[in-house]
Amino acid sequence: MSIANADDTSPTTMSDVSTVDKTSTSADRAQWVANPPEPPGICRELIQWLCDAMFPDPTKLFPLKNKTGTAVVGRLLKGVFPILCWGKSYNLGKFKNDILAGLTLASLCIPQSIGYANLAKLDPQYGLYTSIVPPLVYAILGSSREIAIGPVAIISMLLPTMIQKIQDPAADPFAYRNLVFTTTFFAGIFQAAFGLFRLGFLVDFLSQAAIVGFMGGAAIVIGLQQLKGLLGITHFTNKTDIISVMEAVFASFHHLNDQWNPLNFIIGTSFLSFILITKLLGKKYKKVFWLPAMAPLVSVILSTLLVFLTRADEHGVKIVKRVPPGLNPISTQNIQIHTPHISQILNAALIVAVVALTEAIAVGRSLASMKGYNIDGNKEMVALGFMNLAGSLTSCYTATGSLSRSAVNFSAGCETPVSNVVMAVTVMISLKMFTKLLYFTPNAILASIILSALPGLVDIHQAYNIWKIDKLDFLACLAAFFGVLFLSVEFGLLLSLVISFAKIIVISIKPGTEILGKIPGTDTFCDIHQYPMALNTPGVLIVRVKSGLLCFANANFVKDRILRFISSQEASGKGIAQFLVIDLSNLMNIDTSGIASLEELHNSLATSGIEMAVANPKWQVIHKLKVSNFVAKLKGRVFLSVGEAVDACLSAKMAAAI
């Protein structure tokens, strides 16, 4: 029976299908498996990958052959600028909702931005600058409707952790600031490149377990660092590990008159309690969602007024002091591309880029799913990349999607990214008109605002779920947590990545192999351990390899496991197997070492009088087995399914008995 040429694209009719069903035999189907068309070569696969990277879905760009050039350009512009899509249906009702959400967002953003700038060891205005340009750029390029863009705690901690190893911010704050802008510039380049070349899978190397552990450890480290502002400590360590931070705190208690001041602690803890109580009320009563959002700004206003009226700054209360008025100055000249520390800057930028992308995309996707739409991760990477590039040139440090502010934005009923625009405009007005009012703002209140945002970063419930589901994932989670807590942020991330990769390697080197049996009353063959009712076929051992690749790393392991199965069957008195059927349905590819191990297995079985057959090999696998002449050694024992392979073995057994 002839098989149609693979290049023949003529449609198959129902009568053709029924004819094939009636006339095809097991031998015919075995020939179809053993003699497929030649699979695509490596060059074709590479070209296809490049096309997928640059043009992920050409049908969306060019859905009809007769499309005019204007229509094609319009679709391209809509793909690049999502604002052109949702802007068509924008109306006054949505604008009202966005204004309310944006103003609510700004009330939370302004005090948080000042606090996060302090955490990043930058002057307060840089946190406010970061809440202007990046949100405006994202509103044009971003596809998420709810995500709130600006400085966040994790990035604000990451930057000084890595950059102060190059430049001490206390010794030369201007040089340190320039290195922060440079890091942000390269982080934006990395993020945009990930999106443009569809390399989003690189971000996935930071697994969910690693993120949970990293966030938890980072939250505790950030909280401990806020003890400097909460206690009014003048001299504090630049290290982030818990031991160094606690040593600095305990050392301050020996110099009560010189460093530690109880007034800072009283102000900070009082307003921290107020903010946390409003959060609890906001969770309990959904209608007052605005209460926890307004609490930080109210705390700043009240504490500033309190310090001003009582002149507490003259009695040891540390204050923000002068915040320069005006909008973002251009910082192009501050980008240090030719710095001798460029390798360290690039390393820091890559880590910051990946962490920022991971947080933003996770927040964006979770909120989008609640409203029933999807966001393109690669488009988000491009948007985040260009917004940070623009930010680095306008005196901003790395911005991303904030978990806490995005939740507020969502609860406030935002409709589109216009809420980010409203927030940015509100911050601009504040920078132009109200910065003088921040002079007496106590540092302790900024510390309490940051501390109030940290509980949401410690997800104990998710960590427990990881423990229940996958112990190796939980090990990666613990590695990230304790690595960040006791060593450093970079080491914690690196340790979790090493464990995650080690997990992949272990699974690849030692893939599972299972013995199959037939489920009674069906033609299905399944793992006999998962389905104890599955029946063994006398004289036939059926083994399935649970791996997508049989290669140099695991080929000998698989071969040894199969030989051990045969020996254990003989030792247990279940009878000597006369046939071995290997189910290759899970195997996507094979290399020369894998083929060599199959040949060795075949030769070992042949010396014991056991015949070998393979079932359901994939396209690439059967092609390589055929080119290597291994199919010829099997003497036609290549089958479409395990059932046909078993039937053929039983027929051969019966024929030999006769």
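Source: prediction; values computed, not measured.

Right, let's get into the sheet that holds strand β7 (residues 579-583). If you walk across this open sheet you meet the six strands as β4-β3-β5-β7-β9-β10, and the pairing is mixed. For this open sheet the edge positions go to β4 (525-527) and β10 (638-639), each flanked by a neighbour on one side alone. As paired elements, strand β5 (residues 540-546) and β7 share five bridges and run parallel to each other. The partner of V540 across the bridge, within β7, is F579.

The next subject is the UniProt feature "transmembrane region" (unreviewed entry) in the protein. The positions UniProt marks with the feature "transmembrane region" (unreviewed entry) are residues 137-159, 179-199, 205-224, 262-281, 288-309, 345-364, 437-458 and 478-502. Secondary structure content for residues 345-364 is 100% helix and 0% strand, and the end C-alpha separation is 28 Å. From the first C-alpha to the last, residues 437-458 spans 34 Å; its make-up is 50% helix and 0% strand.

The next thing to look at is the packing of helix α7 (residues 92-119) against helix α20 (residues 418-433). Two elements in contact, α7 and α20, have axes whose closest approach is 7 Å; the angle formed by their N-to-C orientations is 50°. As the angle between them shows, α7 and α20 are arranged oblique. The two elements α7 and α20 cross, and the hand of that crossing is right-handed. The residues of α20 that touch α7, namely those facing F95, D98, I99, A101, G102, L103, L105, A106, C109 and I110, are V418, S419, V422, M423, T426, V427 and S430. By residue class, the composition of the contact of α7 with α20 is 12 nonpolar, four polar and one charged.

Right, let's get into the nonpolar core. The biggest cluster of nonpolar side chains holds 113 residues, and the ones touching the most others in it are I154, I155, L158, F214, I222 and V355. Top contributing element to this core by residue count: helix α17 (residues 342-370), with 14 residues. Contacts of F214, omitting those with residues within four sequence positions, involve I154, L158, V355, A480, F481, V484, V489 and L493. Among the nonpolar cores identified, the runner-up in size contains 36 residues, and A34, A577, I590 and I622 belong to it.

This part covers unusual backbone geometry. One non-glycine residue with positive phi stands out, namely K121, at about 60°. Among the structural elements, K121 can be located in the loop between α7 and α8 (124-129). Note on K121: relative accessible area 30%, which makes it partly exposed. A positive phi angle is found at K635, which is not glycine, with a value near 55°.

Turning our attention to a nonpolar patch on the surface. Taken together, the side chains of I243, L478, F482, F486, L487, F491 and L495 define a hydrophobic patch exposed on the protein surface, amounting to about 580 Å² of accessible area. Put simply, the parts of the chain that give the nonpolar patch at least two residues each are α23 (471-486) and α24 (489-509). Looking at the nonpolar patch element by element, the count peaks at three residues for α23. Tracing the chain through its elements places F482 in helix α23. On the basis of relative accessibility, which here comes to 41%, the residue F482 falls in the partly exposed class.

Right, let's get into the side chain of S113. With respect to the helices and strands, S113 occurs in helix α7. Since its relative accessible area comes to 0%, S113 is described here as buried.

A few words now on the environment of Q462. Along the chain, Q462 turns up in helix α22 (residues 460-469). Setting aside residues no more than four positions away along its own chain, Q462 makes contact with Q208 and V212.

Taken as a whole and judged by the stated rule, the model has 10 salt bridges. With its nearest N and O atoms 3.5 Å apart, the salt bridge here joins K371 to E146. Of this pair, K371 sits in the loop between α17 and α18 (377-392) while E146 is found in the loop between α9 (133-141) and β1 (148-150), placing the two residues 225 residues apart along the sequence. A salt bridge links R637 to E611, with the shortest nitrogen-to-oxygen separation between them at 3.2 Å. Separated by 26 residues along the polypeptide, R637 in the loop between α28 (630-633) and β10 and E611 in strand β9 (residues 611-615) bring together distant segments of the chain. Note on R637: relative accessible area 17%, which makes it buried. Each of E514, R544, K546 and D583 takes part in one network of salt bridges that share partners.

The rules behind the values
- Residues numbered from 1 in each chain as written.
- Predicted model: local features only at pLDDT ≥ 70, side-chain atom pairs only at ≥ 80, totals over all residues.
- Heavy atoms only, no water.
- Pairing = 2+ DSSP bridges.
- Helix = DSSP H or I, 4+ residues; strand = E, 2+ residues; numbered from the N terminus.
- UniProt positions renumbered as here; feature names shortened; annotations may be inferred.
- Axes fitted to C-alpha atoms, helices over the stretch in contact; angles between N-to-C directions.
- Parallel < 35°, antiparallel > 145°, perpendicular 65-115°, else oblique.
- Left-handed = near helix turned anticlockwise from the far one by under 90°.
- Contact = heavy atoms within 4.5 Å.
- Nonpolar A, V, L, I, M, F, W, Y, C, P; charged D, E, K, R; others polar.
- Core = buried A, V, L, I, M, F, W, Y, C linked by side-chain atoms within 4.5 Å.
- Buried < 20%, exposed > 50% of the residue type's maximum accessible area, 1.4 Å probe, protein only.
- Patch = residues over 30% accessible without salt bridge, like charges linked within 9 Å, V, L, I, M, F, W, Y side chains within 5 Å.
- Areas by Shrake-Rupley, 256 points an atom, 1.4 Å probe, with all protein chains shown as cover.
- Salt bridge = Lys/Arg side-chain N within 4 Å of Asp/Glu carboxyl O.

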